[in-house]
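These are the residues of each chain, in order.
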Amino acid sequence: MVYSGSTMQFKDIKNQRVLINKLTEIIDSGRVSHAQLFLGETRSGSLALAVAYMQYLSCSNRQHYRPVAPEQWCDDYGNAIDLRADSCGSCPSCRKFMELVHSDLHLVFPNITTTPKGSENPSAEDFQAEFRDFMTKYGQYGTLEQWYYELDVENKQGMIREKDAANVVRYVTMRPYEAEYKMIVIWCPETMNSRAANELLKSIEEPYGKTLIILVTENTERILPTIMSRVQLVRVPSLSLADMFPADFAPLFVDWMRMLFKLNMARLAAWTDSVSKMGRERQKQFLAYSLEALRCCFLLNVTPGAIQPDGDFGDAKFNQSFYTVVTGNNISLMNDAINHTLRAIERNATPGLAFMALSFKMSSYILKK
Ligand SMILES: [Zn+2]
């Protein structure tokens, strides 16, 4: 499921069942290590997994499905068959997790110096409502760029500040209110400066009572080695576009992009008409797919020879040529236009008109490569 509200149960995370089964087994056996690092793309579920992990840990009614032995976790092709367990989704703890309002869960993420409320010296604490909206809206597919878009700072870099690190140090010294653990998710720790990272190191080095800190990152290069050496590493496998989205999105995307080179009103009207009939959830999902597809074309374009399984749209001619029109000159314009449409659809805009307007913009951007 995509965009299914703020649910963070394991069952809602796409195609990571082998890893999830390992994680629930570790939690069930009581071997939870207090500082972990989930390494993998956000879109592959790394952030959603960290929250679902904490929800499972705190659930008072963990659901265990039929016993699955480790050797049965995946079939001959490496696809997991079933989840061995999941949180219940309905106990008081799960309900708070699913709205991201559990008092023992702290979310720390890159933020900016200007808040909507205008508070001085802000921290992630000042952006909790916005971040909850972001996670609810994008689910597994939210990226750092989309978070910045939601904050209206596309061209600015957010960061995790010393105040955020000091808050983490404070969280770990507080007693849990209702759960067994005090739980902290730090998303994109690579955006910390070294002073913040050194501050954070204290809470990782000297665990205080039952705390669980999960760092979630796509890239460990900018994380202090002293932090790396103190966390347990959990690798989150990358998902391809084909793993993540319905199979009919690639041909729909190919049709759309081809049409944009030479706008023909009758063809465009027919295309927007078919998209209008998909329903809002699928429309948003298709826009999320388009963002990812364009990002992958851009990467192919700027890194010639890169092995990029996502560059296969099931159409040899399109695969070979389309990516060359996605350049540094138009990628962020296209992203903004698509994000703008996502937001409009979210706010109940008329889909036909929204996709029509988007197509005109996209067409001009593609032609100005
Ligand atoms: Zn529960």
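Residues numbered from 1 in each chain as written. Predicted model: local features only at pLDDT ≥ 70, side-chain atom pairs only at ≥ 80, totals over all residues.

Q: Provide a residue-level description of the overall build of the protein chain, including the pertinent values.
A: When helices and strands are tallied, the protein chain shows 15 helices and seven strands. Of all 369 residues assigned to the protein chain, the portion counted as buried reaches 39%. Sequence-distant contacts, at least 24 apart, represent 78% of the contacts inside the protein chain between residues at least 6 apart. (Helix = DSSP H or I, 4+ residues; strand = E, 2+ residues; numbered from the N terminus. Buried ≥ 20, exposed ≤ 12 C-beta atoms within 10 Å, placed from the backbone. Contact = placed C-beta atoms within 7 Å.)

Q: If you had to explain the packing of helix α12 (residues 280–302) against helix α14 (residues 331–346) to someone new, which residues and values would you point to?
A: Viewed as axis vectors pointing N to C, α12 and α14 meet at an angle of 170°, and their least axial separation amounts to 10 Å. Between α12 and α14, the angle falls in the class roughly antiparallel. Between α12, through Arg280, Gln283, Lys284, Leu287, Ser290, Leu291, Leu294 and Phe298, and α14, the contact on the second element is made entirely by Ile331, Met334, Asn335, Ile338, Thr341, Leu342, Ile345 and Glu346. A class-by-class count of the residues in the contact of α12 with α14 yields nine nonpolar, four polar and three charged. (Axes fitted to C-alpha atoms, helices over the stretch in contact; angles between N-to-C directions. Parallel < 35°, antiparallel > 145°, perpendicular 65-115°, else oblique. Nonpolar A, V, L, I, M, F, W, Y, C, P; charged D, E, K, R; others polar.)

Q: Describe the sheet that holds strand β1 (residues 35–39), and please don't skip the residues or the numbers.
A: The strand order across the open sheet built from five strands is β4-β5-β6-β1-β7, with neighbouring strands paired in parallel fashion. A single partner strand is all that each edge strand has here, and the edge strands are β4 (105–108) and β7 (232–235). Adjacent strand axes in the sheet meet at a mean angle of 20° when their direction is disregarded. In terms of strand pairing, β1 meets strand β6 (residues 211–217) through five bridges, oriented parallel. Among the inter-strand pairings, alanine 35 is bridged to a residue of β6, identified as isoleucine 213. Against the sheet, helix α6 (residues 162–173) touches β4, β5 (182–187) and β6, its axis set at about 160° to β5. (Pairing = 2+ DSSP bridges.)

Q: Can you tell me about helix α7 (residues 194–205), naming the residues and giving the values?
A: With 12 residues, α7 extends 16 Å from end C-alpha to end C-alpha; this agrees with the ideal 16 Å at 1.5 Å per step. Among the residues making up α7, those that are buried are Ala196, Ala197, Glu199, Leu200, Ser203 and Ile204. In an axial view of α7, the angular spread of the buried residues amounts to 160°, which keeps them on one side of the axis. Turned more than 90 degrees off the buried face of α7, the exposed positions are Ser194, Arg195 and Glu205. (Expected span 1.5 Å × (residues − 1). Arc of directions from axis to C-beta.)

Q: Now, about the nonpolar core: what can you tell me, with residues and values included?
A: Residues Ala50 and Val185 are the most contacted members of the largest nonpolar core, which totals 92 residues. Element by element, the count of residues in this core is highest for α12, at 11 residues. Counting only domains with at least three residues in this core, you end up with domain 1 (10–235) and domain 2 (241–367). The residues touching alanine 50, leaving out its near neighbours within four places in the chain, are Phe38, Val185, Ile214 and Val216. (Core = buried A, V, L, I, M, F, W, Y, C linked by C-beta atoms within 7 Å. Domains from an automatic or database assignment.)

Q: An account of the environment of leucine 367 is requested, with residue identities and associated values reported.
A: For leucine 367, the location among the structural elements is in helix α15 (residues 351–367). Leucine 367 gets classed as partly exposed once you count the C-beta atoms within 10 Å, which come to 13. For the pair leucine 367 and lysine 262, spaced 105 residues apart in the sequence, the C-alpha separation amounts to 9.3 Å.

Q: Any details on the pairing of β5? Residues and values, ideally.
A: Here β5 lies mainly inside the structure; six of its six residues are buried. What you see with β5 is no split at all: Lys182, Ile184 and Ile186 on one side and Met183, Val185 and Trp187 on the other are buried throughout. Bridging between β4 and β5 involves four bridges; their strand directions are parallel. When the bridges of β5 are listed, histidine 106 appears paired with isoleucine 184. Relative to β6, β5 runs parallel, the two sharing six bridges. Within β6, the position partnered with isoleucine 184 by the bridge is isoleucine 213. Note that the unit made of β5, α7 and β6 has a crossover that is right-handed. (Right-handed = clockwise from strand over helix to strand, strands pointing away.)

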